[in-house]
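Each chain is listed here by its residues.
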Amino acid sequence: MLFVSCVIPESNHVEPTYHLLSGLHSDRNETSKVNQVSFYVRQVELPTYLQGNRLVSRPKQGLIEFSEHDRWGEPLEVGIARILGLNLSKKLKTLTYSVFPHRQKPSCMFELGIAVQRFERVDSSTVLLDVLCDIHSASDVKHFPFTVKVEFSDSEESRNSSLEVLALSQSLSGLCDFLAKEVNALKTFSVPAP
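The notes below deal with the structure included here. (Residues numbered from 1 in each chain as written. Predicted model: local features only at pLDDT ≥ 70, side-chain atom pairs only at ≥ 80, totals over all residues. Heavy atoms only, no water.)

For the rest of this paragraph, the subject is the environment of Gly113. Looking at the secondary structure, you find Gly113 in strand E6 (residues 110–123). Residue classification places Gly113 among the buried residues on the basis of a relative accessible area of 10%. Along the sequence, Gly113 and Tyr40 sit 73 residues apart, while their C-alpha atoms lie 8.8 Å from each other. When residues no more than four places from it in sequence are discounted, the contact partners of Gly113 are Arg42, Leu132, Cys133 and Asp134. (Helix = DSSP H or I, 4+ residues; strand = E, 2+ residues; numbered from the N terminus. Buried < 20%, exposed > 50% of the residue type's maximum accessible area, 1.4 Å probe, protein only. Contact = heavy atoms within 4.5 Å.)

What follows deals with the nonpolar core. In terms of nonpolar packing, the biggest core is built from 44 residues, with Leu21, Ile80, Val116, Phe119, Leu172 and Leu175 touching the most fellow members. Where this core is concerned, the elements lending two or more residues are strand E2 (39–41), strand E3 (54–60), helix H1 (76–92), E6, strand E7 (126–136), strand E8 (141–151) and helix H2 (161–190). Examining the composition of this core, we find that 11 residues originate from one element, H2, more than from any other. Those residues in contact with Val116, other than ones at most four positions away along the chain, are Val44, Glu45, Leu46, Pro47, Leu50, Ile80, Asp130 and Val131. (Core = buried A, V, L, I, M, F, W, Y, C linked by side-chain atoms within 4.5 Å.)

Here the focus is the environment of Leu24. Inspection of the secondary structure puts Leu24 in the loop between strand E1 (17–19) and E2. Judged by relative accessible area, which is 24%, Leu24 ranks as partly exposed. Once residues within four sequence positions are removed from consideration, Leu24 is found in contact with Asn87, Lys90, Lys91 and Ser173.

Time to look at the pairing of E7. Within E7, eight of the 11 residues are buried, which leaves the element mostly enclosed by the surrounding structure. One ladder, built from 11 bridges, connects E6 with E7; its direction is antiparallel. The partner of Arg118 across the bridge, within E7, is Asp130. Taking the residues between adjacent antiparallel strands as the criterion, E6 and E7 are bridged by two residues. Pairing between E7 and E8: 11 bridges, direction antiparallel. (Pairing = 2+ DSSP bridges.)

Inspection of every chain in the model, using the stated rule, returns eight salt bridges. For Arg42, the salt bridge identified is with Glu111, shortest N-O distance 2.7 Å. Taken together, the residues Arg42 in the loop between E2 and E3 and Glu111 in strand E6 connect sequence positions 69 residues apart. Exposure remark for Arg42: the relative accessible area of 30% places this residue in the partly exposed category. Its relative accessible area of 21% is what places Glu111 among the partly exposed residues. Measuring nitrogen to oxygen at the nearest pair gives 3.8 Å for the salt bridge that ties Glu120 to Arg58. Separated by 62 residues along the polypeptide, Glu120 in strand E6 and Arg58 in strand E3 bring together distant segments of the chain. (Salt bridge = Lys/Arg side-chain N within 4 Å of Asp/Glu carboxyl O.)

Coordinates in, geometry out; function isn't part of it.
Listed below in structure tokens is the structure:
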């Protein structure tokens, strides 16, 4: 009798690591002085290559690399909008805001449109955020480009994508600083003198 056996190779599957963008941390509670500004973050626009759930790097022009083991824990456009809403509400000291996919709150003063051009690692220790911003108020629409690079410490021996995600979160914080200044300038300009 012949015995036939199946040999099943050992699995080389590696469970992916899921990442979330994180908001600003503040040590003090600043809700006692709340501003009377309100805003809505529209649906964030992403290029097609960023719409998947894998982290992306573009180490040189014309080359895109997708991480097989590091992925976003939520759709990237939702994560970016969530962090923009959280950070901007802290910077503007307001609790009156909403973020897509939720409905816009009534009598909203500003609508923010964000079109992401690039949001990725560009070398072993630098991430890049490049966006086009629209700020819609009752009387005007302002368009602004914004670009920032954030460096992080990462060595070849200890490849840590968490540091990359933290740097991407810091780039969004820089965007919120910029947007807060623009919204405050528009708010000051649009308030009629007594």
